[in-house]
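Each chain, written out:
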Amino acid sequence: MGIKDWPADERPREKLLIQGAGALTDAELLAIFLRTGLPGKSAVALAQDLLEGFGSLRALLQADCATFTEAKGLGNAKYAQLQAVLEMARRHTFEVLDRGSVLTSPEATRAYLSNQLRHYQHEVFACLFLDNQHHILKYEELFRGTIDGASVYPREVVKKALEHNAAAVIFAHNHPSGISEPSQADKLITDKLKQALSLMDIRVLDHFIIGDGLPYSFAEHGLL
C-alpha cells in the first residue's frame, strides 16, 4: 500500500501540517525529504532502511557525498538538496540569534551552536564574541583536534576577544562521540580561559558541549 492510500492523519506530510514537525519520527521527516520511495517500497520504508543502514539520522546528515550517494535511493541531487536544507537551517538560526541578546534567546543560541558544530567528525572549539548587551559580534571556530590544555591556547582566545572588542564570550565545542558530558580536560581549559579573560574584564557567560540531544551548559550546571 502506497502512502497516498494511508489514512490522512498517518501520512507524514499531512501529519506534519496537522500536528507540527515535532510530532514526526525521524523516518517520517526523512520520507518527506525523499518525497518518493522505490518500487514496492514506500518513502517511509525507504527512510527507515536508510536510517538503519547509516545507523542514525545524525550519521546520515553528516555523511560525505561519496558515502551518501552509495545508498540506494539517494544521489547527487538529494545530497545537494540536503546540504542546502542544513545550511538554510544554520543561517535561519543565526538570523534569529543575531537580532537579540543571546541571554534572551537561549534556545536559539543552543540551536545555532548545535547546527554549527554537530556535524564535525573531529572536535572543534568555537567562540561567540559578544558586546555589552550580549549581541553577537562574531562567531569563530578557533581550534581543531582534541580539546585539551595542549590544543586550546588562552592567549589566542584573549587576542581574538580584544580584536573584536568583546565584553563577553560563550565557548562551545563538540564531542563527535555524541556524549555531551564534560571531561576533566574540558573543565580545566574552561577555568584557564575564564581566568585569562577576567584579567581583561571579559566575562565568560557559558561553555556548551555539543553532542547528541541537548547541549550541555557549564553555566546551568554551576561550573562557571
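The structure we're discussing is the one just above.
A quick note: this is a predicted structure, and the numbers were derived from the prediction, not measured.

(A) Inspection of the overall build of the chain at higher detail. A count of helical and extended segments in the chain gives nine helices and five strands. Its helices and strands taken in sequence order, the chain reads α-α-α-α-α-α-α-β-β-α-β-α-β-β from the N to the C terminus. With respect to the principal axes defined by its C-alpha atoms, the chain has extents near 65 × 35 × 30 Å. Counting over 224 residues, the chain shows a buried share of 43%. For the chain, restricting intrachain contacts to residue pairs at least 6 apart in sequence, the fraction spanning at least 24 positions comes to 56%. With the model as given, the accessible surface of the chain reaches about 11,900 Å², and the carbon-plus-sulfur share is 53%. A gap of 4 Å separates the mean positions of the 23 positive and 28 negative side-chain charges of the chain.

(B) Focus on the sheet that holds strand 1 (residues 124–130). In space, the five strands of this open sheet follow the order 2-1-3-4-5, with mixed pairing throughout. Two strands lie at the open edges of the sheet, namely strand 2 (136–144) and strand 5 (216–217), each paired on one side alone.

(C) The pattern of salt bridges, seen in detail. Enumeration over the complete set of coordinates arrives at nine salt bridges. The salt bridge partner of Arg90 is Glu87, with a shortest N-O separation of 3.1 Å. With Arg90 and Glu87 both in helix 6 (residues 76–98) and three residues apart, the pair spans about one turn of that helix. Judged by its relative accessible area of 15%, Arg90 falls in the buried class. Among the residues examined, Glu87 registers a relative accessible area of 28% and is labelled partly exposed.

(D) Expanded view of the environment of Ser180. Take Ser180: it is sitting in the loop between strand 3 (168–174) and helix 9 (184–198). Taking the C-alpha atoms as reference points, Ser180 and Tyr216, separated by 36 residues in sequence, lie 5.8 Å from one another. Ignoring sequence-local partners within four residues, the contact set of Ser180 consists of His175, Ile209, Gly211, Leu214 and Tyr216.

(E) Expanded view of the packing of aromatic side chains. A complete count under the given rule lists six aromatic pairs for this structure. Aromatic side chains Phe143 and Tyr153 sit 6.0 Å apart centroid to centroid with 70° between the ring planes, which places their arrangement in the edge-to-face category. Note that Phe143 is positioned in strand 2 and Tyr153 in the loop between strand 2 and helix 8 (154–163), a separation of 10 residues in sequence. A relative accessible area of 8% means that Phe143 is categorised as buried. Among the aromatic residues, ring-to-ring pairing joins Phe125, Phe143, Tyr153 and Phe171 into one connected group. For Lys78, the ring lying beneath its charged end belongs to Phe33, and the centroid distance is 5.8 Å.

(F) Structural context of the side chain of Thr190. Structurally, the position occupied by Thr190 is in helix 9. Those residues in contact with Thr190 that sit more than four places away from it in its chain are His207, Phe218 and Leu224.

(G) Seen up close, the pairing of strand 3. Most of strand 3 sits inside the fold, with seven of its seven residues counted as buried. Here strand 3 shows two buried faces, one formed by Ala168, Ile170, Ala172 and Asn174 and the other by Val169, Phe171 and His173. As defined by bridge partners, strand 1 adjoins strand 3 across six bridges and the pair is classed as antiparallel. The residue of strand 3 that forms the bridge with Phe129 is Val169. For the crossover that starts at strand 3, traverses helix 9 and ends in the parallel strand 4 (residues 203–210), the hand is right-handed.

(H) Here's a closer look at the packing of helix 2 (residues 26–34) against helix 3 (residues 43–54). Across the interface, helix 2 lies against helix 3 with an axial gap of 8 Å and an inter-helix angle of 115°. In this structure, helix 2 meets helix 3 at a crossing whose hand is right-handed. Two secondary-structure elements touch here, helix 2 through Asp26, Ala27, Leu30, Ala31 and Leu34 and helix 3 through Ala43, Val44, Leu46, Ala47, Gln48, Leu50 and Leu51. Classifying every residue of the contact of helix 2 with helix 3 by side-chain character gives 10 nonpolar, one polar and one charged.

Cut-offs applied
- Each chain carries its own residue numbering, running from 1 in the written order of its sequence.
- In keeping with the predicted nature of the model, local features appear solely for residues at pLDDT of at least 70, side-chain atom pairs appear and are counted solely at 80 or more, and the whole-chain, interface and lining totals rest on all residues.
- Think of the side-chain values as coming from all heavy atoms in the structure, minus any hydrogens and water.
- Numbering goes from the N terminus for both helices and strands, where a helix is a DSSP run of H or I of at least four residues and a strand is a run of E of at least two.
- Relative accessibility decides the category of a residue: with a 1.4 Å probe and only protein chains considered, values under 20% of the type maximum give buried, values over 50% give exposed, and everything between is partly exposed.
- The contact criterion used is simple: two residues touch if any of their non-hydrogen atoms lie within 4.5 Å.
- Here the Shrake-Rupley method, with its probe set to 1.4 Å, supplies the accessible areas, and only the displayed protein chains count as covering residues.
- Only four residue types enter the tally: Lys and Arg on the positive side, Asp and Glu on the negative side, with His and both chain ends excluded.
- Where a charge lies is defined by one atom per residue type: Lys uses NZ, Arg uses CZ, Asp uses CG and Glu uses CD.
- In short, DSSP must find at least two bridges between two strands for them to pair.
- When a carboxyl oxygen of Asp or Glu lies within 4 Å of a side-chain nitrogen of Lys or Arg, that pair is called a salt bridge.
- When two rings of Phe, Tyr or Trp (its six-membered ring) have centres within 6.5 Å they constitute a pair, described as stacked for plane angles under 30 degrees, edge-to-face for angles over 60, and tilted for the intermediate range.
- Note on criteria: charge over ring means Lys NZ or Arg CZ within 6 Å of the ring centre, with the direction from the centre no more than 35 degrees off the ring normal.
- Seen with the strands pointing away from the viewer, any crossover whose path from the first strand over the helix to the second strand runs clockwise is right-handed.
- Here an angle of 0 to 180 degrees is reported between the N-to-C directions of two axes, which are lines fitted to C-alpha atoms, with helices fitted over the stretch in contact.
- In this scheme the crossing of two helices becomes right-handed for a clockwise turn of the near helix relative to the far one and left-handed for an anticlockwise turn of less than a right angle.
- Here the term charged refers only to Asp, Glu, Lys and Arg, the term nonpolar to Ala, Val, Leu, Ile, Met, Phe, Trp, Tyr, Cys and Pro, and the term polar to all other amino acids, Gly among them.

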